[in-house]
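# Tertiary structure, described
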Amino acid sequence: YNNRYNIIVSDKNQISYIKNSIQKQDVIGDKEFRQKVEKYTGISLSPKKRGRPKTKSKKGEKMFSKLVVLDKEQHKELKVSPLQNLEFAKDLSFVPILINEVPFVTEIFPVIFTKDEIPELVCLTSLGGKNLAINEEGKYIARYVPAFLRKYPFALTSSKENPEQKVVLIDEGAKNVSKTKGKQLFTKDGEQSELLKNAIKFLTDYEQQHQQTIAVVKAIKESGILVDKEISIEDGEEKKVLVKGFQVVDRTKLNKLEDKILAEWVRKGIINFIDLHIKSLEKIETLFKIASQKQQKPEQ
């Protein structure tokens, strides 16, 4: 760590709390901290029932297997190698994305909003089974890989005691993390290696862009133009729901917004983003084609 990232959490309860919060992508902090952040940002952080897109299979839907706080003493010999594949994300049915990633992501995948009190922007990558964006070799099938996946095996969160200080976490269970292969995270003097410095910068930049994304999505939700959607197929005389629990922008409701709001959204680029989002819903058909191709592919 550098001076901004020099927190070492030794209490097992605190470590467990941080790990669980990161896994759930929840805000870390006590009631008083949440209230202060709510007052400052105008965003509700109260515990709530999650509303992620629901698919047939939720088993193993997580990236991290052994997420721990990075410690320069405990992990002084730890090394990280470049990612060879994305096997760690093979069970994800959707991938969180940043608003500036939308033009690249929508080349193949639909972009939708989770049905949360504070919606999250995600690209849908599953129709109820495995992550269709990752092939048998663990490679991403699209040219652009979302930053959410590229920051693995690291994560960044705020300290419970001091939200202005950051805690870096690492997945000790990641296949590209070991004590024998890769580049060191710390120098012999206990300082950050170039690899770790670059990782922290990437995490910090991601967090800043994520906050910008949250602000835009929050404005869209508060405008009242999001509607519930699901993906289903006809199975004989029955309808089988593959994905539910997500929302999309309703074009009719969008057009009925006040001119003042629409003008502001045009200036801020939000209308362009919404156009890309609505257009991307056509990519749901692409997901069906990918799923069909995987089913038809002969076993090796």
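For clarity, every value in this text was computed on a predicted model and none was experimentally measured.

## Side note on the overall build of the protein
Across its full length, the protein holds 9 helices and 12 strands. Relative to its 300 residues, the protein shows a buried fraction of 44%. Relative to all contacts within the protein whose residues are 6 or more apart in sequence, the contacts with residues 24 or more apart total 72%. Here the protein displays about 17100 Å² of accessible surface, and carbon together with sulfur accounts for 48% of that area.

## Here we look at the sheet that holds strand β9 (residues 177-178)
Strand order in the open sheet made by the 3 strands is β9-β3-β10, with antiparallel pairing throughout. Either end of the sheet is taken by a strand with one partner, and the two such strands are β9 and β10 (183-184). Pairing of strand β3 (residues 79-80) with β10 involves 2 bridges; the strand directions are antiparallel. Within the sheet, the bridge partner assigned to K79 lies in β10 and is Q184.

## Observations regarding the packing of aromatic side chains
Inspection of every chain in the model, using the stated rule, returns 5 aromatic pairs. Counting every residue linked through ring pairs, the aromatic cluster contains F64, F88 and Y152. Over the ring of Y206 we find K151; its NZ or CZ atom is 5.0 Å from the centre of that ring.

## Details of the environment of N135
Looking at where N135 falls in the secondary structure, it is placed in the loop between β6 (121-124) and α4 (147-150). In sequence terms N135 and N85 are 50 residues apart; their C-alpha atoms lie 9.7 Å from each other. Excluding residues that lie within four positions of it along the chain, N135 makes contacts with I141 and K294. Reaching out from N135, the side chain makes a polar contact with the backbone nitrogen of E137 at a distance of 3.0 Å.

## Overview of the confidence of the model for the protein
Per-residue pLDDT for the protein has a mean of 83; in total, 78% of the residues score no lower than 70. Here residues 1-10 scores under 50 on pLDDT; set against residues more than four positions off or in separate chains, the count is 28 contacts. Taken together, the stretch residues 56-61 has pLDDT below 50 and engages in 12 contacts with residues farther than four places along the chain or on a different chain.

## Observations concerning the pattern of salt bridges
In total, this model carries 13 salt bridges according to the counting rule given. In this structure, the salt-bridge partner of R150 is E101, at a minimum N-O distance of 3.9 Å. With a gap of 49 residues between them, R150 in helix α4 and E101 in the loop between β4 (94-96) and α3 (102-105) connect regions that are remote in the sequence. A relative accessible area of 2% means that E101 is categorised as buried.

## Things to note about the side chain of D171
Along the polypeptide, D171 turns up in strand β8 (residues 166-171). Put simply, D171 is tucked away with no salt bridge, and the nearest opposite charge, on K66, sits 8.2 Å away. Within the local environment of D171, its side chain forms a polar contact with the backbone nitrogen of K66, the two atoms lying 2.8 Å apart. Beyond its immediate chain neighbours, meaning those up to four positions away, D171 contacts M63, F64, S65, K66, L67, Y152, P153 and V177.

## Thoughts on the packing of helix α7 (residues 259-268) against helix α8 (residues 270-280)
Between α7 and α8, the shortest axis-to-axis distance is 5 Å and the interhelical angle comes to 85°. By the angle class used here, α7 and α8 are roughly perpendicular. For the pair α7 and α8, contact is made by L262, W265, V266 and K268 and by I270, I271 and I274, respectively. Along the lines of polarity and charge, the residues of the contact of α7 with α8 split into 6 nonpolar, no polar and 1 charged.

## Topic: the pairing of strand β7 (residues 154-158)
Of all 5 residues making up β7, 5 are buried, and the element is well covered by its neighbours. Burial of β7 is two-sided: the residues F154, L156 and S158 facing one way and the residues A155 and T157 facing the other way are all buried. As judged from the 5 bridges shared by β7 and β8, these two strands associate in the antiparallel manner. Counted as the bridge partner of T157 is V167 from β8.

## As for the nonpolar core
Y140, L149, I220 and I274 are the most contacted members of the largest nonpolar core, which totals 78 residues. Beyond its immediate sequence surroundings of up to four residues, I274 is in contact with I220, I225, V249, L254 and W265.

## Let's talk about the sheet that holds strand β2 (residues 67-69)
The sheet built from 3 strands is open, its strands ordered β2-β8-β7 with antiparallel pairing. Each of the sheet's edge strands pairs with one partner strand only, and the pair in question is β2 and β7. Adjacent strand axes in the sheet meet at a mean angle of 35°, parallel and antiparallel pairs treated alike. Most of the contacts of helix α5 (residues 194-222) go to β7, to which it runs at about 60°, and overall it touches β7 and β8.

What counts and how
- Residues numbered from 1 in each chain as written.
- Predicted model: local features only at pLDDT ≥ 70, side-chain atom pairs only at ≥ 80, totals over all residues.
- Heavy atoms only, no water.
- Helix = DSSP H or I, 4+ residues; strand = E, 2+ residues; numbered from the N terminus.
- Buried < 20%, exposed > 50% of the residue type's maximum accessible area, 1.4 Å probe, protein only.
- Contact = heavy atoms within 4.5 Å.
- Areas by Shrake-Rupley, 256 points an atom, 1.4 Å probe, with all protein chains shown as cover.
- Pairing = 2+ DSSP bridges.
- Phe/Tyr/Trp six-rings, centres within 6.5 Å; stacked < 30°, edge-to-face > 60°.
- Lys NZ or Arg CZ within 6 Å of the ring centre and 35° of its normal.
- Polar contact = N/O pair within 3.5 Å; in protein donor to acceptor, adjacent residues only side chain to side chain.
- pLDDT = per-residue confidence, 0-100.
- Salt bridge = Lys/Arg side-chain N within 4 Å of Asp/Glu carboxyl O.
- Lys, Arg positive; Asp, Glu negative; His and termini not counted.
- Axes fitted to C-alpha atoms, helices over the stretch in contact; angles between N-to-C directions.
- Parallel < 35°, antiparallel > 145°, perpendicular 65-115°, else oblique.
- Nonpolar A, V, L, I, M, F, W, Y, C, P; charged D, E, K, R; others polar.
- Core = buried A, V, L, I, M, F, W, Y, C linked by side-chain atoms within 4.5 Å.

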